[in-house]
Amino acid sequence: MTAKTEAVYSDQKKTILITGGAGFIGSHLCDRLIAENHRIICLDNLSLGIKDNIRHLFGHDSFTFIKTDLCAFGKLQNIFKKYTPDTVFHLAANSDIQKGALVRDVDLKNTFLSTYNVLEAMAQSTCKKIVFASTSAVYGELKSKLHENIGPLFPISFYGSAKLASEAYISAYCENLNLQAWIFRFPNVVGERCTHGAVYDFIGKLRKNPTELIVLGNGTQCKPYLYVKDLIDGILFGFTNSCGKINYFNLGVNSATTVDTIARIVIEEMGLAGVNIRHTGGDRGWVGDVPVFSYDLSKIHELGWHAGLDSDSSVRCAVRAELARKK
Ligand SMILES: NC(=O)c1ccc[n+]([C@@H]2O[C@H](COP(=O)([O-])OP(=O)(O)OC[C@H]3O[C@@H](n4cnc5c(N)ncnc54)[C@H](O)[C@@H]3O)[C@@H](O)[C@H]2O)c1
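The shown structure was predicted, so the numbers you read here are calculated from the model rather than taken from an experiment.

Conventions adopted
Residues numbered from 1 in each chain as written. Predicted model: local features only at pLDDT ≥ 70, side-chain atom pairs only at ≥ 80, totals over all residues. Helix = DSSP H or I, 4+ residues; strand = E, 2+ residues; numbered from the N terminus. Contact = placed C-beta atoms within 7 Å. Domains from an automatic or database assignment. Near = placed C-beta within 6 Å. Nonpolar A, V, L, I, M, F, W, Y, C, P; charged D, E, K, R; others polar. Axes fitted to C-alpha atoms, helices over the stretch in contact; angles between N-to-C directions. Parallel < 35°, antiparallel > 145°, perpendicular 65-115°, else oblique. Left-handed = near helix turned anticlockwise from the far one by under 90°. Core = buried A, V, L, I, M, F, W, Y, C linked by C-beta atoms within 7 Å. Buried ≥ 20, exposed ≤ 12 C-beta atoms within 10 Å, placed from the backbone.

Student: Honestly, the environment of Val 88 in this entry has me stumped. Any pointers?
Tutor: Assignment of secondary structure puts Val 88 in strand β4 (residues 87-90). Those residues in contact with Val 88, other than ones at most four positions away along the chain, are Leu 17, Thr 19, Val 118, Met 122, Cys 127 and Ile 130.

This is the structure we're talking about:
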């Protein structure tokens with residue numbers, strides 16, 4: 001069971017800046033930290049996120065949404081001056097990995113430059129704590145179990161490269177500008193308000209054509225899926241319970257789900273039968289996709305956090321949430 005992080009960061013009301021706050025994961029973080037009585041400044045350029053994810057927070061005294069692009073440094077600098085946040089949770093990024101191979105500066109700008117600008121704005125302000133949304137993609141295609149200290153790291157996507165470069169810049173800013181960082185490497189995350197990924201994709205395709213499902217790759221791609229509320233718990237647990245200069249953790253589950261299993265769960269939950277599943281073939285969904293990986297989670301487990309749901313249950317929860325949203 002999850003070591004629940006009830007009111008983890010609520011010894012006193014803090015001003016917290018959340019970048020990418022109108023996105024899938026960011027909007028859940030806004031919900032959680034508002035519920036814990038903090039003041040949230042939510043930044044997003046709405047390139048991938050949507051206002052509907054946070055609309056229920058509009059009008060809340062402690063919630064401010066600012067539509068801004070983190071690549072515009074002057075605007076970001078003014079936001080830090082005006083709101084003087086205590087901590088930044090930096091989630092804004094290009095989350096569309098496939099797009100990164102086609103539009104090759106999208107990760108440079110939205111994944112890397114956004115991080116650089118946040119760090120530089122922090123260096124020029126009183127805000128010294130950054131929590132960073134990193135990813136399994138930084139590990140590239142290593143065959144062994146992924147421990148945080150494994151290396152050398154050679155990502156195979158522009159997204160993974162921009163995240164690894166961001167981690168490196170965070171390290172240098174911590175050393176040179178006295179910042180403190182918490183880096184969490186997420187696996188595949190699923191749940192309410194998901195904006196991308198197999199669950200989202202399959203439901204969309206089957207709504208258009210309930211007789212056929214085209215699955216990218218051969219369907220045996222197998223990855224750990226973490227439920228978004230477990231992820232938020234894990235982030236806040238790690239943040240509250242570690243105090244090094246740079247704290248870094250894999251977050252995830254020990255189980256994993258194949259793409260074909262996701263297809264089967266979606267078809268079951270949609271109540272469909274006789275769907276013709278066609279695979280595009282090959283061992284991966286797209287260039288830059290890492291088809292199989294497994295995390296070593298001993299570091300976060302020893303700290304006291306475990307996810308509540310296993311991988312298949314996380315997927316099923318996400319499917320049900322997505323189907324409920326589209327009704
Ligand atoms: N969802 C996953 O499975 C997963 C896995 C590993 C890591 N992550 C990381 O977690 C974070 C959140 O991911 P998500 O799944 O919620 O994706 P998301 O796309 O829903 O959220 C990212 C948000 O950042 C915003 N954004 C992008 N570029 C911006 C910019 N230049 N300025 C301001 N806002 C900008 C987007 O509009 C979007 O709302 C990302 O950093 C992502 O890389 C996600």
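From this point, the discussion proceeds with the structure in view.
Student: I keep staring at the domain arrangement of the chain and nothing clicks. Help me out?
Tutor: Quite often, the size of an interface is put as the accessible area lost when its parts meet. Along its sequence, the chain is organised into domain 1 (15-190 + 225-253 + 301-308) and domain 2 (198-221 + 256-294 + 315-325). Counting residues at the interface gives 15 residues for domain 1 and eleven residues for domain 2. Where the side of domain 1 that touches domain 2 is concerned, the elements lending two or more residues are α3 (97-102) and β10 (225-227). No other element matches the four residues that α3 contributes to the side of domain 1 that touches domain 2.

Student: Please explain the site of the ligand as it appears in this structure.
Tutor: The full set close to the ligand counts 29 residues, and Gly 20, Gly 23, Gly 49, Ala 93 and Ser 95 are the nearest of them. At the level of elements, α1 (24-35), β2 (39-44), α4 (106-123), β5 (129-135) and β7 (188-190) are the ones that each hand at least two residues to the shell around the ligand. It is α1 that provides the largest number of residues to the shell around the ligand, a total of three residues. Along the lines of polarity and charge, the residues of the shell around the ligand split into 14 nonpolar, 13 polar and two charged.

Student: Help me out: how do you make sense of the packing of α1 against helix α7 (residues 228-241) in this one?
Tutor: In helix packing, the relevant descriptors are the interaxial angle and the interaxial distance, both defined with respect to the helix axes. With their axes 10 Å apart at the nearest point, α1 and α7 run at an angle of 60 degrees to one another. For the element pair α1 / α7, the angle class is oblique. Crossing of α1 over α7 shows right-handed handedness. Between α1 and α7, the residues in contact are Ile 25, His 28, Leu 29 and Arg 32 and Val 228, Lys 229, Leu 231 and Ile 232, respectively.

Student: Can you walk me through the nonpolar core in this structure?
Tutor: One recurring pattern in soluble globular proteins is that nonpolar side chains are buried together. Counting residues in each nonpolar core, the largest one holds 92 residues, and the members touching the most others are Cys 42 and Val 199. Looking at which element gives the most residues to this core, the answer is α7, with seven residues. Both of domain 1 (15-190 + 225-253 + 301-308) and domain 2 (198-221 + 256-294 + 315-325) provide at least three residues apiece to this core. Among residues more than four places away in sequence, those in contact with Cys 42 are Ile 18, Gly 21, Ala 22, Cys 30, Ile 54, Phe 63, Thr 64 and Phe 65.

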